[in-house]
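Fold and geometry: a report
The primary structure of each chain is shown beneath.
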Amino acid sequence: MTIFKEIVDEEFLTVSETKELLADIEAERAMDEDRELRYELARAIEHANRFAVLEPPEAQSLVDDLQELEKVDEPTAYKIANLLPRDRDELRSVYAQQRYSLSGDELDEILNVVAQYA
């Protein structure tokens, strides 16, 4: 059962940007002694801390560079920036649900962009 009726706004974020936002929320909650972190929030903070590799500006630059490529749309660019795939198999898993597949050269082009940041 969901308590939400409609999506008002949607924005893609990298794990690094999410980590920064969650750190602000955590600091705000730490100042108020009566408010404790809910389980879900604590797990989200733990996840972001564990998997955020790049700094937020670097992650956004990676997303921008990926979006310049022909076969990379916005949601896919954010997935790639969050996962930082190292080889073709990992990158293919990102594209597994797409209706098209990429050639080896296209995969290598994406991996070369990721390698500049990772």
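Residues numbered from 1 in each chain as written. Predicted model: local features only at pLDDT ≥ 70, side-chain atom pairs only at ≥ 80, totals over all residues. Heavy atoms only, no water.

In the annotation of an unreviewed UniProt entry, the entry for the protein reads DNA-directed RNA polymerase subunit Rpo4, and the organism field reads Natrinema salaciae. Under Function (unreviewed entry), UniProt gives the following word-for-word description of the protein: "DNA-dependent RNA polymerase (RNAP) catalyzes the transcription of DNA into RNA using the four ribonucleoside triphosphates as substrates. This subunit is less well bound than the others." Note on the protein: under the UniProt heading Subcellular location (unreviewed entry), the record states "Cytoplasm". (UniProt positions renumbered as here; feature names shortened; annotations may be inferred.)

The next point concerns the nonpolar core. Membership of the largest hydrophobic core comes to 22 residues, with the highest contact counts inside it found for Leu62, Leu66, Val72, Ile80, Tyr95 and Ile110. Those elements that provide at least two residues to this core are α3 (56–67), α4 (74–83), α5 (88–94) and α6 (104–117). Residue contributions to this core peak at six residues, all from α6. For leucine 66, the contacting residues outside a window of four places in its chain are Val72, Ala77, Ile80, Ala81, Ile110, Val113 and Val114. Formed by six residues, the second largest nonpolar core is a distinct cluster that contains Leu41, Ile45, Ala48 and Ala52. (Core = buried A, V, L, I, M, F, W, Y, C linked by side-chain atoms within 4.5 Å. Buried < 20%, exposed > 50% of the residue type's maximum accessible area, 1.4 Å probe, protein only. Helix = DSSP H or I, 4+ residues; strand = E, 2+ residues; numbered from the N terminus. Contact = heavy atoms within 4.5 Å.)

Moving on, we come to the packing of aromatic side chains. Considering all chains together, one arrives at two aromatic pairs under this definition. For the cation-ring pair, lysine 71 lies above tyrosine 100, with the distance from its terminal atom to the ring centre recorded as 4.8 Å. (Phe/Tyr/Trp six-rings, centres within 6.5 Å; stacked < 30°, edge-to-face > 60°. Lys NZ or Arg CZ within 6 Å of the ring centre and 35° of its normal.)

Side chains of Glu20, Asp24, Glu28, Asp32, Glu33, Asp34, Glu55 and Glu58 sit close together on the surface and give a patch of like negative charge. When residues in the negative patch are grouped by element, the largest group, three residues, is from helix α1 (residues 15–31). With respect to the element layout, glutamate 20 can be found in helix α1. A relative accessible area of 47% places glutamate 20 in the partly exposed class. (Patch = residues over 30% accessible without salt bridge, like charges linked within 9 Å, V, L, I, M, F, W, Y side chains within 5 Å. Areas by Shrake-Rupley, 256 points an atom, 1.4 Å probe, with all protein chains shown as cover. Salt bridge = Lys/Arg side-chain N within 4 Å of Asp/Glu carboxyl O. Lys, Arg positive; Asp, Glu negative; His and termini not counted. Charge placed at Lys NZ, Arg CZ, Asp CG, Glu CD.)

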